[in-house]
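This is what each chain is made of:
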Amino acid sequence: MVSSEAAPLAKTGGLADVVGALPSALRGFGDDVAVVIPRYGSIDLKSLRRVFDSLPIYLGLTRYDTSIYQAAEEFPLYLVDCPPLFDRKGFYGETGVDYPDNHIRFAVFARAALGVARYLFRTEIFHCHDWQAGLVPAYLRTAAATDPTYLGVRTLFTIHNLGYQGLFPKTALADVALPASVYRPDGMEFFGHVSYVKGGISFADWLSTVSPTYAREIQTPEFGFGLDGALRSRAGVLTGILNGVDYREWSPETDTLLPARYSAEDLSGKRVCKEQLLREFGLPAEALDRPLLGVVSRFTRQKGTDILAHAAGGIVDRDVYLVALGSGEPEYEEFFRRAAAEYPGRIAVKIGFDNALAHRIEAGADVFLMPSQYEPCGLNQIYSLKYGTVPVVRATGGLDDTIEESTGFKFIEYSPEALLGALTAATQAYQDRQGWQEMMRRGMRQDFSWKASAAAYSALYRQLLGV
Ligand code: ADP
Ligand code: GLC
């Protein structure tokens, strides 16, 4: 697998959770998986073992010196070290601005991943994730096409989020030593730009995305971000495989990050979690018997932050409380700060990335809010089910595929009114304590472990290899 993130070493979102967990689940099906990620500045070299000293990458005449490290994980996790490109504060940029050389960074990364397959881990399938790995299929169809090392090698490209495409000026092609011939609509050209995600979409043998509904949605203009035509033309090789979740990390029975543990049989610990969460966020004790809404999210438009902003007053009117954790685009961070200032004692916010707090919110809240504009899969709502925190979600992508009437509340229209409508239904249902607990328990007993998804990927790998 070639990915720009893998938990726990490098994570900004769900992609990391997926790539951190799926390889171990695949082992259960007899598949041997290694993962390649960049060695970012935040990953301490001292915790790694150097396994390949010198892997020079030539992009045209420019040479990039890389070396390969390995981390002590359950599966071989290789890290591409190239300090001038990756030893930086951010993964993709800083203070909301992308690094100007991202096209070079993820070209060197892709070429180094090919090197890992040549020298360290004999590879039959490159499973590439998102635009940062999109050049792997592109190089395999061009510069590496006649290299005997990769004869018969297959590629699978998984789209985790079509909103991020890796778009660069046309001149990028020469910088990363791709031939001009890929600059065509059924290659990597995209409205006058070079698109790295199209490297995957056009050149991979097979495509997948992370839920069946999102696989259909991205073939429509509403969700396709301009790529719906390209995706429709490859519809025959596009599959939706729902993500699983790692219950070793996300189970209230065993979660050591919580102040108390609990289960579907004994929910008492959840009240302790709620009490402490209210205290941590400075919300009043009266809130203990009212619905507490939780949000853990990247603060971007995708996550429905704007309709949430417009619903803030309506939320407070419903005599409910809200805690939110997130970071992202400055304007949305600012909205949350403002809402907390406007409704003190009702809405409380922490800006930042904090895994332990994310767990405490999953456990301490009664309702988990995900009003996403689009959501390829979404993991938080699945964690919420396990934590007995009833999801209120917009019926899109993986949210629609994972939440049912018996386990949560869905709304269809992307508007503050529709969101508030679903919240009204949830707060009314909350009054019926017994009915509410039954709903919690139904969610807690559901199984979204990796097994089913890993089985689907494993079957797809075998189909690709013709075995
Ligand atoms: P996405 O990948 O689009 O951000 P997902 O729901 O698939 O959405 O996954 C998000 C993952 O990132 C979850 O594991 C969630 O707990 C975590 N996460 C998101 N924001 C934060 C944050 N501010 N602090 C800690 N964890 C976060
Ligand atoms: C993306 C999507 C999210 C999905 C995650 C893992 O970041 O936004 O919906 O769950 O990838 O596939």
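Let me begin by describing the structure that accompanies this report. (Residues numbered from 1 in each chain as written. Chains lettered and ligands numbered in written order. Predicted model: local features only at pLDDT ≥ 70, side-chain atom pairs only at ≥ 80, totals over all residues. Heavy atoms only, no water.)

### Focus: the sheet that holds strand E15 (residues 321-328)
Thinking step 1. The strand order across the open sheet built from 6 strands is E16-E15-E14-E17-E18-E19, with neighbouring strands paired in parallel fashion. Either end of the sheet is taken by a strand with one partner, and the two such strands are strand E16 (347-351) and strand E19 (409-411). Strand-to-strand, the axes of this sheet are offset by a mean angle of 20 degrees, without reference to chain direction.
Thinking step 2. Alignment of strand E18 (residues 390-394) against E19, held across 3 bridges, turns out to be parallel. The residue of E19 that forms the bridge with Arg 394 is Phe 411. (Pairing = 2+ DSSP bridges. Helix = DSSP H or I, 4+ residues; strand = E, 2+ residues; numbered from the N terminus. Axes fitted to C-alpha atoms, helices over the stretch in contact; angles between N-to-C directions.)

### Quick look at the pattern of salt bridges
Thinking step 1. Under the counting rule described, the total for this entry stands at 25 salt bridges.
Thinking step 2. A salt bridge links Asp 17 to Lys 11, with the shortest nitrogen-to-oxygen separation between them at 2.7 Å.
Thinking step 3. With its nearest N and O atoms 2.6 Å apart, the salt bridge here joins Arg 88 to Asp 101. Taken together, the positions of Arg 88 in the loop between helix H2 (83-86) and strand E5 (93-94) and Asp 101 in the loop between strand E6 (97-98) and helix H3 (102-119) put the pair 13 residues apart, joining distant regions of the chain. (Salt bridge = Lys/Arg side-chain N within 4 Å of Asp/Glu carboxyl O.)

### A word on the side chain of Arg 39
Thinking step 1. Following the sequence through the fold, Arg 39 ends up in the loop between strand E1 (35-38) and strand E2 (49-59).
Thinking step 2. Note on Arg 39: relative accessible area 4%, which makes it buried.
Thinking step 3. At a separation of 3.5 Å, a polar atom in the side chain of Arg 39 contacts the side chain of Asp 87.
Thinking step 4. Other than its neighbours up to four places away in sequence, Arg 39 contacts Leu 45, Leu 48, Leu 79, Val 80, Asp 81, Phe 86 and Asp 87. (Buried < 20%, exposed > 50% of the residue type's maximum accessible area, 1.4 Å probe, protein only. Polar contact = N/O pair within 3.5 Å; in protein donor to acceptor, adjacent residues only side chain to side chain. Contact = heavy atoms within 4.5 Å.)

### Notes on the site of ligand 2
Thinking step 1. As a structural note, the neighbourhood of ligand 2 is formed by 14 residues, with His 160, Asn 243, Glu 375, Cys 377 and Gly 378 the closest of them.
Thinking step 2. Take Glu 375: an N or O atom from its side chain is 2.5 Å from an oxygen atom of ligand 2.
Thinking step 3. Pro 376 is positioned such that a nitrogen or oxygen atom in its backbone is 3.5 Å from an oxygen atom of ligand 2.
Thinking step 4. Here ligand 2, which alone exposes 310 Å², has 93% of that area covered by the protein.
Thinking step 5. Looking at which element gives the most residues to the shell around ligand 2, the answer is helix H1 (residues 14-27), with 3 residues. (Near = heavy atom within 4 Å. Areas by Shrake-Rupley, 256 points an atom, 1.4 Å probe, with all protein chains shown as cover.)

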